[in-house]
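Listed here are the chains, written in short residue letters.
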Amino acid sequence: MITNAVAAAEHAVDLSSRAPARARTLARSVLRRVSVTDPRGEAAAVAHRALAVAARELGDLPLAEEHLHQAVSIAVSAGLPHRAAQARLSLVHIRTELGHPGQALTIADAAEPHLTPVEVAKLGVHRAVALTRLGRYTEAIGHCDRAVDALSDDVRFLAGAMLNRGLARVFLGEFEAAEADLTRCAGLAKAAGLDHVLTLAEGNLPFLAARRGDLPAAFTAYRRAESSLFAYPERLATMRCDLAEALIAAHLPGEARVLLDLAVPELVAAGANVALAEARLLLAQAELRTGDPHLARQSAERAAADLAAQGRTVLAPLATEILLRARLMLDPPAEELLTELLSCVDALDAAGHRHVSGALRFAAAEVALRLDDRSTADGQLTLLASSGPDVVSRQATALRRALAGDRRGAFAAIRAGLVEVGAGAMAFDDPMLRAHAVRTGEPLARFGLTLALQTGRGRTLLAWAERWRAVAGGAGRPVAPDVDELRTALGDAALVEFVRHADELVAVVVTQDRVGLRRLGPFAAAAEATVRLRYGLRRAHLLDGKAPGLAGEAALLERLLFGPMRGRLGDRPLVIVPTGALHTLPWPILPMNAGRPVTVAACAAAWLAGHRMRAVRDGGIVAVAGPGLRCAEAEAGMVSGCHPGAGRVAALRTEVMTALDRARVAHLAAHGMFSPRSPLLSGIDLDDGPLMAYDLLRLRTPPPLVVLSACDTGMAHAPADGAPLGLAGTFLSLGSQCVVASLVPVRDEETLTLMTVFHELLATGHPPARALAMASGKTDVAGFVCFGYGGQPVATGREGSAIQLDQDPT
């Protein structure tokens with residue numbers, strides 16, 4: 001009977017990873033059978049081990065640990081060293097997840113002498129988990145390599161070895177090898193019916209994709225894995241943490257924070273202390289980078305305590321770094337803080353976090369300068385300047401030269417750093433990733449603007465603002481347009497480029513006769529006024545045009561933005577280059593812009609490039625009517641009536657994409673949606689689903705003129721100046737010359753009225769910016785904006801069409 005009970009318990013162990021609920025039932029029945037005959041014997045030890053593994057698979061780590069301690073105790077009392085070692089083998093993984101990877105390795109050392117060679121290989125799979133948590137990735141891979149060679153007959157542990165090796169390789173940046181391991185793990189698990197292991201393999205694909213920089217694939221894999229891991233909250237929480245870490249590295253702390261806020265409570269409930277310490281560390285980073293130093297300090301303190309208790313000296317300095325940065329944001333500089341900063345720099349270096357220590361060393365140098373400790377500052381800047389060609393060393397070189405009075409040399413160092421940032425960003429095809437990747441260069445760009453403002457020259461400030469916009473916009477190099485060519489191209493128009501420096505808003509005004517600089521006051525005042533104006537416009541839309549105070553808000557914002565420039569601008573056509581929240585402002589709504597052609601551009605260089613595109617390519621005019629919009633069909637019919645030969649395209653994604661690649665003018669009347677958190681997920685509704693900005697990236701030759709007759713399709717989020725992300729920005733980045741789109745909701749009937757007049761004017765030879773200004777004036781319908789370059793008339797097929805007309809300056 002005892003032998004049969006042992007066999008039943010062994011069977012329960014085998015079942016535990018594939019069917020943990022069944023394994024638990026079988027193991028409990030074994031314990032009941034032997035409770036009288038042999039309650040402290042071999043069968044009981046094995047049954048408790050089966051219950052532990054089942055509990056682990058079901059996410060109850062403390063219960064798993066309790067059963068394993070019972071298994072070890074029973075086996076030791078019964079003089080069964082092999083059974084005790086087997087229980088310790090399983091305990092290695094549990095102690096790691098409970099926050100004690102160092103202890104887990106000690107337990108592994110105690111178990112190894114009593115295990116068979118095959119079991120030693122299995123032990124190596126668990127050791128790899130502890131080693132990975134301790135940052136010893138190469139050692140982890142070595143254990144998995146040996147396990148793979150020895151475990152060809154044990155699919156469960158072989159798949160686990162592939163899984164753990166794949167994760168270690170992700171951390172080392174060996175992405176192709178990592179993908180091969182995770183793919184093989186998934187294949188083995190699927191063939192063997194190991195659904196839980198399969199889920200784990202698939203659950204790590206978002207982490208791999210995000211680490212590679214492929215965020216669209218990461219989010220797709222995350223959504224797929226999220227549903228399959230729903231029944232395993234601790235596993236799902238770990239996957240969310242892995243993706244959040246990659247999002248922070250990609251400068252997306254807001255998105256990371258959402259995931260971490262979901263993950264931390266689940267890890268607390270599961271008692272997964274190792275993952276919890278890492279999650280709190282990541283949460284502190286995300287909170288700090290989203291401007292919440294108070295919460296960041298609390299999360300970092302908890303993470304530091306957890307990491308210290310777990311003996312994880314590799315990660316502990318990262319928690320200290322966040323604590324110190326939070327203090328930098330909250331407290332005035334002090335000698336004590338400077339000392340702690342320098343001590344943390346040394347600890348980061350010793351732990352191998354040189355990518356973090358360099359930035360903190362620069363922060364220490366800045367604190368030293370604020371404390372008038374020039375000697376310490378010079379020493380730290382000298383170390384950084386000689387540390388190698390990276391952004392922080394370029395920043396240190398620039399600051400050293402500026403302190404020595406060498407402004408020209410400082411500018412040269414800044415430009416060299418921006419060249420490196422731009423080259424690195426060009427590795428990303430995805431414009432969102434590229435825009436976030438360049439943010440490593442923001443401190444350099446800010447310093448360049450600081451030095452440019454000190455000159456008091458509009459030309460110099462324009463050049464440095466444009467260099468940064470070029471890098472952020474994907475030009476690859478910090479290049480600025482030729483100012484004389486820009487002035488000539490403007491003709492009788494004026495270009496106003498807004499520049500934000502800290503909380504100050506500055507404008508550079510370019511006209512045919514001069515380039516000037518105007519300091520406008522706090523940026524926050526203009527940003528808040530923009531929010532209030534947009535709120536008023538939305539309220540007017542909801543209340544049938546009744547929004548008290550709207551005119552006053554528009555007049556106030558006009559004074560904040562253009563007060564010192566009104567006389568010089570006169571009634572000239574305007575080209576506006578916004579910054580920050582000003583990307584969401586419907587500029588034609590300002591009183592001074594009534595009837596005035598206004599074009600909004602990502603940068604002066606982009607507008608100038610549009611001006612150079614004189615030739616209008618062959619291709620037709622197409623109109624699309626989306627679903628659920630009362631006037632969409634009438635609007636599409638109107639376009640055909642205004643432009644002889646214009647064609648209708650079915651509101652299907654494939655057909656619309658094909659038409660967009662061939663048309664010279666495209667008019668899309670549909671519902672629009674802007675996603676501020678992920679602007680490339682913004683879209684317009686079609687019959688078979690939304691056409692998103694991400695879909696547009698597949699276009700090879702987008703239309704020169706695109707009219708997006710849909711709410712909010714002109715909205716943009718700009719992670720960095722020069723990279724407005726959204727539907728309109730995507731068309732322009734792909735090569736469209738001009739996009740007309742709305743920045744606020746506009747009623748369907750009003751949109752039809754406006755667009756009818758707009759297309760009539762377009763058809764008679766008026767360029768888009770002038771046609772939109774005239775149509776808005778005639779219909780009293782506001783909210784649409786001309787983006788890009790709006791001065792190119794469009795050939796329509798009518799007699800006297802615009803193909804023969806000269807360009808308008810805007």
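Residues numbered from 1 in each chain as written. Predicted model: local features only at pLDDT ≥ 70, side-chain atom pairs only at ≥ 80, totals over all residues. Heavy atoms only, no water.

Colleague: Would you mind going over the overall build of the protein with me for this structure?
Modeller: Along the backbone of the protein there are 37 helices and 14 strands. Expressed along its principal axes, the backbone C-alpha trace of the protein runs to roughly 100 × 70 × 50 Å. Every one of the 810 residues in the protein was classed for burial, and the buried ones make up 58%. Contacts spanning at least 24 positions in sequence make up 67% of the contacts within the protein whose residues lie at least 6 apart. (Helix = DSSP H or I, 4+ residues; strand = E, 2+ residues; numbered from the N terminus. Buried < 20%, exposed > 50% of the residue type's maximum accessible area, 1.4 Å probe, protein only. Contact = heavy atoms within 4.5 Å.)

Colleague: What exactly am I supposed to notice about helix 23 (residues 407–425) here?
Modeller: Turn by turn, an α-helix covers 3.6 residues, leaving residues three or four places apart pointing in a common direction. Look at helix 23: 27 Å from first C-alpha to last across 19 residues, which is about the 27 Å you get at 1.5 Å a residue. Within the span of helix 23, buried status applies to Gly409, Ala410, Phe411, Ala413, Ile414, Gly417, Leu418, Val421, Gly422 and Ala425. The inward-facing, buried residues of helix 23 abut helix 22 (391–403), helix 24 (431–437), helix 25 (442–455) and helix 26 (458–472). (Expected span 1.5 Å × (residues − 1).)

Colleague: For this particular structure, what's the right way to read the side chain of Arg49?
Modeller: Considering the arrangement of structural elements, one finds Arg49 in helix 3 (residues 42–57). Of the side chains bearing the opposite charge, Glu10 lies closest to the buried Arg49, which forms no salt bridge; the N-O distance is 5.1 Å. A polar atom in the side chain of Arg49 sits 3.2 Å from the side chain of Ser90. Beyond its immediate chain neighbours, meaning those up to four positions away, Arg49 contacts Val13, Leu68, Ala71, Gln86, Ala87 and Ser90. (Lys, Arg positive; Asp, Glu negative; His and termini not counted. Salt bridge = Lys/Arg side-chain N within 4 Å of Asp/Glu carboxyl O. Polar contact = N/O pair within 3.5 Å; in protein donor to acceptor, adjacent residues only side chain to side chain.)

Colleague: Explanation requested: the packing of aromatic side chains in the structure shown.
Modeller: Here a ring pair, both rings aromatic, is described through the centre-centre distance and the interplanar angle of the planes. As enumerated under the stated definition, the model contains seven aromatic pairs in all. With centroids separated by 4.9 Å and ring planes inclined at 5 degrees, the aromatic side chains of Tyr137 and Phe171 adopt a geometry described as stacked. In this pair, Tyr137 is assigned in helix 8 (residues 137–150) and Phe171 in helix 9 (residues 155–171), connecting sequence segments 34 residues apart. Taking the relative accessible area as the measure of exposure, Phe171 reaches 24% and is therefore partly exposed. Three or more aromatic residues link up through ring pairs in this structure, and these residues are Tyr137, Phe171 and Phe207. (Phe/Tyr/Trp six-rings, centres within 6.5 Å; stacked < 30°, edge-to-face > 60°.)

Colleague: Even after reading the chapter, I still don't get the sheet that holds strand 4 (residues 574–577), so can you show me in this structure?
Modeller: The strands that make up a sheet pair up through hydrogen bonds in the backbone, lying either parallel or antiparallel. Strands sit in the order 3-2-1-4-5-14-13-12-8-6-7 across an open sheet of 11 strands; the sheet is mixed. Of all strands in the sheet, those bounded by a partner on one side alone are strand 3 (515–522) and strand 7 (647–649). Neighbour-to-neighbour, the strand axes of the sheet open up by a mean angle of 25 degrees, direction not taken into account. Both strand 6 (residues 621–625) and strand 7 contribute to a ladder of three bridges, which runs parallel. Within the sheet, the bridge partner assigned to Val622 lies in strand 7 and is Gly647. (Pairing = 2+ DSSP bridges. Axes fitted to C-alpha atoms, helices over the stretch in contact; angles between N-to-C directions.)

Colleague: Looking at this model, I keep getting lost on unusual backbone geometry. Mind explaining?
Modeller: Excluding glycine, residues mostly carry a negative phi; peptide bonds, for their part, are mostly trans. The phi angle at Asp712 is positive, at roughly 65 degrees, despite the residue not being glycine. Mapped onto the secondary structure, Asp712 falls in the loop between strand 12 (705–709) and helix 35 (727–734). The phi dihedral of Asp780 is positive, around 60 degrees, even though this residue is not glycine. One can find Asp780 in the loop between helix 37 (768–779) and strand 14 (784–788).

Colleague: What should I look at first to understand the sheet that holds strand 9 (residues 672–673) in this one?
Modeller: A sheet is described by the order of its strands in space; here three strands give the open sequence 9-10-11, paired in antiparallel fashion. Of all the strands in the sheet, the pair left with one neighbour each is strand 9 and strand 11 (689–692). Strand direction decides the pairing type here: strand 10 (residues 683–686) and strand 11, joined by four bridges, are antiparallel. Paired with Gly683 across the two strands is Met692, which belongs to strand 11. Packing against the sheet, helix 33 (residues 653–660) makes contact with strand 10 and strand 11, and its axis sits at approximately 30 degrees to strand 11.

Colleague: I'm lost on the layout of surface pockets in this one. Help?
Modeller: By rolling a water-sized probe across the atoms, one finds the places where empty space is left. Considering only enclosed or pocket space, the second largest pocket measures out at about 840 Å³ in volume. Of the residues that constitute the lining of the second largest pocket, the class distribution is 31 nonpolar, 14 polar and five charged. (1 Å grid on protein atoms, 1.4 Å probe; cavity = no way out; pocket = protein on both sides within 12 Å on 5 of 7 lines; lining within 4 Å. Points joined across faces, edges and corners; volume = space filled by probe spheres on them. Nonpolar A, V, L, I, M, F, W, Y, C, P; charged D, E, K, R; others polar.)

Colleague: Just checking my understanding: could you explain the pattern of salt bridges for this structure?
Modeller: Any two side chains of opposite charge can pair if their charged atoms end up close together. All chains considered together, the criterion is met by 37 salt bridges. A salt bridge links Arg83 to Glu10; the shortest N-O distance between them is 2.5 Å. One end of the pair, Arg83, is in helix 5 (residues 81–97); the other, Glu10, is in helix 1 (residues 2–15), and 73 residues separate them in sequence. Residue Arg83 is classed as buried on the basis of its relative accessible area, which comes to 11%. When the shortest N-O distance is used, the salt bridge between Arg257 and Asp292 registers 3.1 Å.

Colleague: What is the right way to read the environment of Ala23 from this model?
Modeller: Topologically, Ala23 is positioned in helix 2 (residues 20–37). Distance from Ala23 to Leu259, taken between C-alpha atoms, is 33 Å for residues 236 residues apart in sequence. Beyond its immediate chain neighbours, meaning those up to four positions away, Ala23 contacts Ala12, Leu15 and Ser16.

Colleague: Looking at this structure, I do not really get the environment of Leu462. What am I missing?
Modeller: Structurally, Leu462 is set in helix 26. For the pair Leu462 and Phe498, spaced 36 residues apart in sequence, the C-alpha to C-alpha distance is 9.4 Å. In contact with Leu462, not counting residues within four places along its chain, are Val483, Leu486, Glu497, Val508 and Val510.

Colleague: I'm lost on the pairing of strand 2 (residues 504–510) in this one. Help?
Modeller: Note on strand geometry: in a regular strand, side chains alternate between the two faces of the sheet. By the criterion of burial, strand 2 is predominantly enclosed, with six of the seven residues buried. Both strand 1 (residues 494–501) and strand 2 contribute to a ladder of seven bridges, which runs antiparallel. Bridging across to strand 2, His501 finds its partner in Glu504. Hairpin connection, strand 1 to strand 2: the antiparallel pair is bridged by two residues, and Ala502 has positive phi, about 55 degrees. Where strand 2 lies against strand 3, seven bridges are found, and the strand directions are antiparallel. Note on strand 3: the bridge partner recorded for Val508 is Leu517.

Colleague: Is there a simple way to think about the nonpolar core in this case?
Modeller: Here is a general trend for soluble globular proteins: nonpolar side chains tend to be buried in one another's company. In this structure, Phe498, Leu561, Phe562 and Trp587 are the most contacted members of the largest nonpolar core, which totals 118 residues. Excluding its chain neighbours within four sequence positions, the residues that come into contact with Leu561 are Phe498, Leu505, Leu520, Ala526, Leu582, Leu585 and Trp587. Judged by nonpolar contacts, the second largest core, of 84 residues, contains Ala55, Cys185, Ala201 and Met239. (Core = buried A, V, L, I, M, F, W, Y, C linked by side-chain atoms within 4.5 Å.)

Colleague: Can you walk me through the confidence of the model for the protein in this structure?
Modeller: A low pLDDT means the predicted coordinates there should not be read in detail. When pLDDT is averaged along the protein, the result is 89, and 95% of the positions lie at 70 or above. This stretch, residues 797–806, has a pLDDT under 50; its non-local contacts, to residues over four places away or in other chains, come to 16 contacts. (pLDDT = per-residue confidence, 0-100.)

Colleague: Help me understand the pairing of strand 4 in this model?
Modeller: Side chains Leu574 and Ile576 project from strand 4 onto one buried face, and the interleaved Val575 and Val577 project onto a second face that is buried too. Strand direction decides the pairing type here: strand 1 and strand 4, joined by four bridges, are parallel. By the bridge assignment for strand 4, Glu497 is matched with Val577. Of the strand pairs in this sheet, strand 4 and strand 5 (residues 598–600) are connected by three bridges, and their pairing is parallel. Within strand 5, the position partnered with Leu574 by the bridge is Val598.

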